[in-house]
Structures are given as structure tokens and as C-alpha cells.
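# Analysis of the macromolecular model
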Amino acid sequence: MYTIGMDTSNYTTSIAYFDGVQGENCSRLLPVKHGELGLRQSDAVFAHIKSLPELSGRLFSHIQGKEIGAVGVSTQPRAVEGSYMPCFMVGYSHGKLLSDTLKVPLVTVSHQQGHVAAALWSAGRLDLMDEPHLAWHLSGGTTELLLVEPVGKNVQCTRIGGTTDISAGQLIDRTGVMLNLPFPAGKHLDMLSSGAELTDVFQVKCPELEFSLSGVQNKVQQFHEKHPIPEETAAYALRCVSEAVFKATGNALAKFPGLPVVFSGGVASNAMLQRRMETLNPIFSQPQYATDNAMGVAILASRMVEG
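Residues numbered from 1 in each chain as written. Predicted model: local features only at pLDDT ≥ 70, side-chain atom pairs only at ≥ 80, totals over all residues. Heavy atoms only, no water.

## A few points about the packing of helix 3 (residues 111–122) against helix 9 (residues 295–306)
The test is simple: Interaxial angles span 0 to 180 degrees and are taken between N-to-C directions of axes, which are lines fitted to C-alpha atoms, for helices over the stretch in contact. The numbering of helices and of strands both runs from the N terminus, where a helix is a DSSP run of H or I of at least 4 residues and a strand a run of E of at least 2. Orientation labels follow simple angle bins: below 35 degrees gives roughly parallel, above 145 gives roughly antiparallel, 65 to 115 gives roughly perpendicular, and whatever is left gives oblique. Throughout, a contact is declared for two residues whenever any of their heavy atoms are within 4.5 Å. Three categories are distinguished: nonpolar for Ala, Val, Leu, Ile, Met, Phe, Trp, Tyr, Cys and Pro, charged for Asp, Glu, Lys and Arg, and polar for the others, with Gly belonging to the last.
Close contact between helix 3 and helix 9 brings their axes to 7 Å; oriented N to C, the two are set at 90°. The pairing of helix 3 with helix 9 is recorded here as roughly perpendicular in orientation. Across the interface between the two elements, Gln113, Gly114, Ala117, Ala118 and Trp121 from helix 3 touch Met295, Gly296, Val297, Ile299 and Leu300 from helix 9. A breakdown of the residues in the contact of helix 3 with helix 9 according to their chemical character gives seven nonpolar, three polar and no charged.

## Some thoughts on the pairing of strand 3 (residues 23–29)
Condition: Strands qualify as paired when DSSP identifies two bridges or more between them.
Relative to strand 3, strand 2 (residues 12–18) is paired through seven bridges, and the arrangement is antiparallel. In the sheet register, Ile15 faces strand 3, and the bridge partner there is Cys26. A loop of four residues connects strand 2 with strand 3, the two strands running antiparallel in sequence, and Gly20 in this loop sits at a positive phi of about 105°.

## A few points about the nonpolar core
The following threshold applies: We call a set of buried residues a nonpolar core when its members are Ala, Val, Leu, Ile, Met, Phe, Trp, Tyr or Cys and they connect through side-chain atoms within 4.5 Å of each other. Any residue under 20% of the maximum accessible area for its type is buried, any over 50% is exposed, and the rest in between are partly exposed; the area is computed with a 1.4 Å probe on protein chains only.
In this structure, Trp136, Phe211, Leu213, Val245, Phe263 and Met277 are the most contacted members of the largest nonpolar core, which totals 43 residues. Breaking this core down by element, the ones donating at least two residues are strand 6 (133–138), strand 7 (143–151), helix 4 (168–178), helix 6 (214–226), helix 7 (230–255), strand 10 (261–264) and helix 8 (271–276). The leading source of residues in this core is helix 7, at 12 residues. Counting 18 residues, the second-largest nonpolar core is a separate cluster that includes Val109, Met129, Leu146 and Val155.

## A short note on helix 3
So the rule is basically this: A helix's residues, less one, multiplied by 1.5 Å, set its expected span.
Relative to the 16 Å expected for 12 residues at 1.5 Å per residue, helix 3 spans 16 Å between its end C-alpha atoms, a close match to the ideal helical length. Among the 12 residues of helix 3, 12 are classified as buried, and the element is accordingly described as predominantly covered. Along helix 3, the residues classified as buried are His111, Gln112, Gln113, Gly114, His115, Val116, Ala117, Ala118, Ala119, Leu120, Trp121 and Ser122. Two residues or fewer after helix 3 comes Gly124, characterised by a positive phi angle close to 70°.

## Re the sheet that holds strand 7
Here we have six strands laid out as an open sheet, ordered 9-8-7-6-10-11, and mixed in their pairing. Here the strands that pair on one side only, and so sit at the sheet edges, are strand 9 (210–211) and strand 11 (282–284). Pairing of strand 6 with strand 7 involves six bridges; the strand directions are antiparallel. Paired with Leu134 across the bridge in strand 7 is Leu147.

## Concerning the pattern of salt bridges
Our working rule: The rule for a salt bridge is simple: a side-chain nitrogen of Lys or Arg has to be within 4 Å of a carboxyl oxygen of Asp or Glu.
The full count for this structure, using the stated rule, is eight salt bridges. In this structure, the salt-bridge partner of Arg125 is Asp127, at a minimum N-O distance of 3.0 Å. Since its relative accessible area comes to 29%, Arg125 is described here as partly exposed. Between Arg303 and Asp130 there is a salt bridge, with the nearest N and O atoms lying 2.9 Å from each other. Taken together, the residues span a long stretch of sequence, with Arg303 in helix 9 and Asp130 in the loop between helix 3 and strand 6 at a distance of 173 residues. Here Arg303 falls in the buried class, since its relative accessible area comes to 14%.

## Let's talk about the packing of aromatic side chains
Heads up, the rule is: Here is the rule: rings of Phe, Tyr and Trp (six-membered ring for Trp) pair when centre to centre is within 6.5 Å. Planes less than 30 degrees apart are stacked, more than 60 are edge-to-face, and the remainder are tilted.
All told, the structure shown has seven aromatic pairs when counted by the stated rule. Here Tyr2 and Tyr17 contribute two aromatic rings whose centre-to-centre distance is 5.3 Å and whose plane-to-plane angle is 35°, an arrangement assigned as tilted. Here Tyr2, found in strand 1 (residues 2–8), pairs with Tyr17, found in strand 2; they are 15 residues apart in sequence, far enough to count as distant. Take Tyr2: its relative accessible area is 16%, and that puts it in the buried class. Classification of Tyr17 as buried rests on a relative accessible area of 13%. Between the aromatic rings of Phe263 and Phe284, the centroid separation amounts to 4.6 Å while the plane-to-plane angle is 25°, which identifies the pairing as stacked. Of this pair, Phe263 sits in strand 10 while Phe284 sits in strand 11, and the two are 21 residues apart along the sequence. The same class applies to Phe263 and to Phe284, which are both buried. Counting every residue linked through ring pairs, the aromatic cluster contains Phe18, Trp121 and Tyr289.

Right, here's the structure in full:
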């Protein structure tokens, strides 16, 4: 049985299928003008409306004649009361139409739950969907440390830590604008940082599981004024983020000993961050499934329908 997943986030339009073992994700970044830090919701909605039919056509051309047993769709950023973004309604409307046409169940999940499922599947650790574990959701809009617990065949993600203000992705993208890089800037900072030689870092305070990154933005600006070399500034920003996440992760493992730690979200694919976490035995998503994608949504739909 094949399941379809749709995710229309604030950054990417994506649709995927999952056959119970393997799958495919088709996605497209939302178009953001150079020098800007994202889209208004109205523009994001319009971009999804334009992209989803083409991506759907591409995906369905690969699975013609296959039996589709369910359609999954992310309908909100997080599975908590009040979590809402209009852009997710584009995926919901398309998913509802498809499920009604095919007369199959429509499974609704959150964008964050989809991230966790995609990360675990791509890392070959889908078994952790049925066990408590820790997970980072590190993206353009979110930097949350989660306690993930199974609820039926889905997961409950409870925030236990993370940033108290701007996200790691926001800091990275603002650094990218300062360096005149395309949006989103993560992969560009990653490549630049490999050529850095300095090791300066601003030690973010993290007494327990939370930290603030708003002050780091000023530190990055000051560092760049002192060392106006893009490679060094990129590495400095990423080191600051990596150190903060490392401290919070270590503190979480002291509080929840023995639990595996999974990293999801686009920022989690950063090479410097991954190297910094090595001593904590982390589980990282494959890069193509770290960024926003619909694969996790399709996987959750498959699990929840099959029971």
C-alpha cells in the first residue's frame, strides 16, 4: 500500500509517497527575493498554489497504477493549541480533495511530527517512533528541544528546551543577508565556514535546557566588523549556534539519561554542528530529509492507517 504525504510549510512545497519501506519526496523552495528573509503568508500561499500541482504531477507519474491507501497532510506547525499558519491550508485543501476522490482516509499531523518521522526513517531508526527519545527541531523558524513519546502510531512532541527568542535558522539567515548570500543561507554558510582558520566563539549561557540567541546576532556583527572575512564570520556564527545546542543537549542527557537524541530540521544538516555533537552519540537525518519535506507525513499516514 502506498501513502501520499503533503507539506506546505513557510519555506518549501513538498509532496511524497511511501510504500511501507521506501519512498520519494518532490519539493521546491518558496521563491524569496535576494536580500529578504522569507515571504509574507499571502505570498507563501500563492507560491504553494502554483507549485503543488506540478510537483504532484511529477510524483504521480512515478507511481501510476499503484494502490493508494491514505493521504497524509501537515495542517499546523506544531501539534499544540494555537499553532497555525495559513500556508498549511494549501496542503490540507489539496489533500482533502485527493482523499475524497480516492475514497481513502485523510490523516492530519503537524509539520514538526513529520520532521521527526522523516529524520528517524532516513537515519534507519524508525524503531524509535515506538520509544521515548529526545529530538531537536532546528530550522528557520524553530529551535526546540523535544521529549518525543509514542502515542499510538504517531508521536507526541513536548518542548523541554531550546531558544527563548530567535531561532538558530533566523540567526544563520540574518548572517547570510549580512554576507550577501542567497536565502536560505544555511548551506552557503556551511560551505564558507570550511575555509575558516579562527576559532573565536561567544559562549551562550545555558544553565539548563534553554538559551537566548538574540544577543549572538550583535556579536556576529561585531566580529564581522573586526574580521571582515566571509569565511570567518560564517564559521563564527555557526560555532556560536553549535556550542549553545551542545550545552543544552548535554544538560538534557543528564536529566534524561539513556535517551537517544535525534536531530531534524535544515540547521541539523550543518557539518560543524554535526562534528560538535559527535561525543553525544547523535542520530542525524540524511541531509535531503533534514530540510522541510513531506516524507515524514507520508510515513506517519502509513503507520496510522495500518495501525
